[in-house]
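# Structural characterization, general
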Amino acid sequence: VLFDRSHLDQVMWNLARNALRHCRRREGSIRVRVSTERSGSIVKLDVIDDGPGVAAELRNQLFEPFFTTSAGGTGLGLYLAREMCEANGAMLEFVETATGAQFSVLCRTGG
């Protein structure tokens, strides 16, 4: 993928840490899925958890700076993750699911 390695590490670390914070902490509670789209020109990285999901009324604020639902959080994790994605020509999206939460990073490939 065309993505600064340290930025991608930070994005995936943040998504995995959030998934761990909100999942049920059972075997298989967090899944990372890798797939391709557009004939392989896009790599999609999904981080999925089995937690309570994101309340509908909070979804519009997820990527806003300083928005947090955690008592000890700064509210900068998802904001910075999205900014790093955009700086690398990628996208970070929240995907609405029936259960849990899913975040997807869509990265360009060199092909």
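So, here is what we can say about the structure in this document.

The rules behind these values
Residues numbered from 1 in each chain as written. Predicted model: local features only at pLDDT ≥ 70, side-chain atom pairs only at ≥ 80, totals over all residues. Heavy atoms only, no water. 1 Å grid on protein atoms, 1.4 Å probe; cavity = no way out; pocket = protein on both sides within 12 Å on 5 of 7 lines; lining within 4 Å. Points joined across faces, edges and corners; volume = space filled by probe spheres on them. Helix = DSSP H or I, 4+ residues; strand = E, 2+ residues; numbered from the N terminus. Core = buried A, V, L, I, M, F, W, Y, C linked by side-chain atoms within 4.5 Å. Buried < 20%, exposed > 50% of the residue type's maximum accessible area, 1.4 Å probe, protein only. Contact = heavy atoms within 4.5 Å. Pairing = 2+ DSSP bridges. Phe/Tyr/Trp six-rings, centres within 6.5 Å; stacked < 30°, edge-to-face > 60°. Lys NZ or Arg CZ within 6 Å of the ring centre and 35° of its normal. Axes fitted to C-alpha atoms, helices over the stretch in contact; angles between N-to-C directions.

## A closer look at the layout of surface pockets
Considering only enclosed or pocket space, the largest pocket measures out at about 600 Å³ in volume. If you go around the largest pocket, you meet 31 residues; those closest to its centre are Asn18, Arg21, His22, Thr69 and Leu78. No other element matches helix H1 (residues 5–22), which puts 7 residues into the lining of the largest pocket.

## A few points about the nonpolar core
Phe3, Val11, Leu15, Leu92, Phe103 and Val105 are the most contacted members of the largest nonpolar core, which has 23 residues in total. Only H1, strand E2 (42–49), helix H2 (77–87), strand E3 (91–95) and strand E4 (101–108) provide two or more residues apiece to this core. Take this core: its biggest share by element is 5 residues, from H1. Not counting the four nearest positions on each side in its chain, Phe3 is found in contact with Leu8, Val11, Met84, Cys85, Asn88, Ala90, Val105 and Cys107.

## As for the pairing of E4
Burial analysis of E4 places 7 of its 8 residues in the buried class, the great majority of the element. Sheet analysis places E2 next to E4, joined by 8 bridges and oriented antiparallel. Counted as the bridge partner of Asp46 is Ser104 from E4. Bridging between E3 and E4 involves 5 bridges; their strand directions are antiparallel.

## Digging into the packing of aromatic side chains
Each aromatic ring pair is characterised by the separation of its centres together with the angle its planes make. In the structure shown here, the tally under the stated rule is 2 aromatic pairs. Members of the aromatic cluster, each reached through a chain of ring pairs, are Phe63, Phe94 and Phe103. The residue whose ring lies beneath Arg82 is Phe63, and the NZ or CZ to ring-centre distance is 3.7 Å.

## Side note on the sheet that holds strand E1 (residues 30–37)
As summarised here, the arrangement of the 4 strands in space is E1-E2-E4-E3, forming an open sheet in which the pairing is antiparallel. The sheet terminates laterally at E1 and E3, the two strands that pair on one side only. In this sheet, neighbouring strand axes are inclined to one another by 20° on average, regardless of whether the strands run parallel or antiparallel. As judged from the 8 bridges shared by E1 and E2, these two strands associate in the antiparallel manner.

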